[in-house]
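# Architecture and fold: a report
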Amino acid sequence: MKQMLTKCIGAIVNLIGVFSSKIAAKIALHLFSSPRRIRLKELERDFLMTAFTEEVQIGDNQIMTYRWLGKKDTILLAHGWESNSYRWKPLIEQLKALDYGVVCLDAPAHGRSSGKTFNAVLYSECIHVIAKKFKVNVVVGHSVGGMAAAFFQHNHPLPSVKKLVFLGAPSNFVGVFSRYVAMMGYTKSVANGMDKLIFKRFNEEPEYFNAARFSEHVEPIGLVIHDKRDKIIPYSDAKDYETHYKNARLITTEGFGHGLKTEEIHNHIIDFIDA
């Protein structure tokens with residue numbers, strides 16, 4: 001049913017593109033950049049309220065942050081698309097028990113942060129500001145949170161950040177974009193129009209935004225964890241990081257899917273942080 005609705009929306013955008021490819025491309029890019037805001041349940045909100053909360057103004061957005069204090073290094077956790085800081089609850093509890101400091105942020109247009117649109121470049125700027133503000137030592141990013149962390153370290157390397165962890169992270173924007181185009185069934189005309197809008201907005205072609213290649217030049221050591229059966233971000237993206245991010249180690253799992261929210265994964269992360 002969901003797939004049928006997606007294709008119907010794509011067909012409508014394609015029809016608009018017959019009359020104006022520019023308008024169709026704007027609609028398609030808007031849909032691509034507009035996550036559903038998932039309302040926090042009372043239990044989830046109660047857990048997040050055990051942290052020190054602070055809204056940080058970053059550009060036009062108020063970014064909600066959650067902070068648990070600890071005597072060891074400070075770990076920043078960056079969630080993925082249509083998620084929020086609560087997704088990290090089991091890992092937060094393990095890190096707290098080991099006396100690490102933990103900082104989470106809700107991405108723009110996610111959780112309790114403001115905004116209606118989202119992209120990895122904007123998210124990377126938010127991660128930069130929060131990492132600098134709280135003197136973060138390790139950044140853990142899931143999915144697009146991992147890609148945004150790579151962008152951040154490429155554009156704004158912070159001496160305090162010594163380690164990066166990418167969980168099921170896309171390695172390049174072209175792949176993400178092409179999967180979106182295929183999912184919606186957009187015509188080549190609409191897809192080309194979106195490419196032009198990306199260049200107009202960022203003054204770079206989509207091919208430029210390649211997190212794996214950016215990682216060639218980052219200083220922190222890395223850990224890449226990816227599941228062979230990930231249906232959202234293909235395992236080939238992990239191999240892309242393995243090729244380019246020379247200072248990182250790849251751990252391959254099978255059967256955990258894209259979420260990678262298991263005790264085994266958390267143990268890998270903590271072992272890496274402890275080392």
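Going by the structure above, here's the rest.
Residues numbered from 1 in each chain as written. Predicted model: local features only at pLDDT ≥ 70, side-chain atom pairs only at ≥ 80, totals over all residues. Heavy atoms only, no water.

## Thoughts on the overall build of the protein chain
On a plain count of helices and strands, the protein chain comes out with 11 helices and 8 strands. Here the C-alpha atoms of the protein chain give a radius of gyration of 19 Å, agreeing with the 19 Å that 2.2 N^0.38 yields for 275 residues. C-alpha extents for the protein chain along the principal axes are approximately 60 × 40 × 35 Å. Within the protein chain, the proportion of its 275 residues that are buried is 52%. Counting contacts in the protein chain only where the partners sit at least 6 residues apart, residues at least 24 apart contribute 75% of the total. Side-chain charges in the protein chain split into 35 positive and 28 negative, and the spacing between the mean points of these groups amounts to 5 Å. (Helix = DSSP H or I, 4+ residues; strand = E, 2+ residues; numbered from the N terminus. Rg over C-alpha atoms; globule rule 2.2 N^0.38 Å. Buried < 20%, exposed > 50% of the residue type's maximum accessible area, 1.4 Å probe, protein only. Contact = heavy atoms within 4.5 Å. Lys, Arg positive; Asp, Glu negative; His and termini not counted. Charge placed at Lys NZ, Arg CZ, Asp CG, Glu CD.)

## Quick notes on the pattern of salt bridges
Pairing between side chains of opposite charge can happen when the charged atoms of each approach one another. Taken as a whole, this structure holds 5 salt bridges when the rule is applied. Here Arg-36 and Glu-82 are joined by a salt bridge, their closest N and O atoms 2.8 Å apart. Taken together, the residues span a long stretch of sequence, with Arg-36 in the loop between helix 2 (21-32) and helix 3 (42-48) and Glu-82 in the loop between strand 3 (74-78) and helix 4 (89-97) at a distance of 46 residues. When the shortest N-O distance is used, the salt bridge between Lys-89 and Glu-93 registers 3.0 Å. In this pair, Lys-89 and Glu-93 both sit in helix 4, 4 residues apart, roughly one turn of the helix. (Salt bridge = Lys/Arg side-chain N within 4 Å of Asp/Glu carboxyl O.)

## Some details on the environment of Asp-46
Within the element layout of this structure, Asp-46 appears in helix 3. Owing to a relative accessible area of 45%, Asp-46 belongs among the partly exposed residues under this scheme.

## Some details on the side chain of His-244
When you line up the elements, His-244 lands in helix 10 (residues 235-244). Among the residues examined, His-244 registers a relative accessible area of 15% and is labelled buried. Residue contacts for His-244: discarding those within four places in its chain leaves Ala-212, Arg-213, Ser-215 and Glu-216.

## Topic: the nonpolar core
The biggest cluster of nonpolar side chains holds 58 residues, and the ones touching the most others in it are Leu-76, Leu-105, Ile-127, Val-139, Phe-166, Tyr-186 and Met-194. When residues of this core are assigned to their parent elements, the largest contribution, 7 residues, is made by helix 6 (residues 144-155). When residues no more than four places from it in sequence are discounted, the contact partners of Ile-127 are Leu-76, Ala-78, Leu-105, Val-139, Gly-145, Ala-148, Ala-149 and Phe-152. Membership of the second largest hydrophobic core comes to 30 residues, among which are Leu-91, Tyr-100, Val-138 and Leu-223. (Core = buried A, V, L, I, M, F, W, Y, C linked by side-chain atoms within 4.5 Å.)

## Considering the packing of helix 2 against helix 7 (residues 173-184)
Their axes nearest at 12 Å, the elements helix 2 and helix 7 cross at an angle of 110°. When the axis of helix 2 is compared with that of helix 7, the two are roughly perpendicular. The crossing of helix 2 and helix 7 is right-handed. Contacts between helix 2 and helix 7 involve Ala-28, Leu-29, Leu-31 and Phe-32 on the former and, on the latter, Phe-173, Val-176, Phe-177, Tyr-180 and Met-184. Here the residues of the contact of helix 2 with helix 7 are counted per class, giving 9 nonpolar, no polar and no charged. (Axes fitted to C-alpha atoms, helices over the stretch in contact; angles between N-to-C directions. Parallel < 35°, antiparallel > 145°, perpendicular 65-115°, else oblique. Left-handed = near helix turned anticlockwise from the far one by under 90°. Nonpolar A, V, L, I, M, F, W, Y, C, P; charged D, E, K, R; others polar.)

## Topic: the environment of Leu-158
As for its placement among the helices and strands, Leu-158 is situated in the loop between helix 6 and strand 6 (163-167). A relative accessible area of 14% places Leu-158 in the buried class. Distance in space between the C-alpha atoms of Leu-158 and Asn-137 is 9.0 Å, their sequence separation being 21 residues. Aside from chain neighbours lying at most four places away, what touches Leu-158 is His-128, Ala-131, Lys-132, Phe-152 and Gln-153.

## Observations concerning the packing of helix 2 against helix 8 (residues 188-202)
Two packed helices can be described by the angle between their axes and the distance between those axes. Contact geometry of helix 2 with helix 8 gives a least axis separation of 8 Å together with a crossing angle of 70°. Regarding the angle of helix 2 to helix 8, the classification is roughly perpendicular. Note on element contacts: helix 8 touches helix 2 through Ser-189, Val-190, Gly-193, Met-194, Leu-197, Ile-198 and Arg-201, opposite Ser-21, Ala-24, Ala-25, Lys-26, Ala-28 and Leu-29. Broken down by class, the residue content of the contact of helix 2 with helix 8 amounts to 8 nonpolar, 3 polar and 2 charged.

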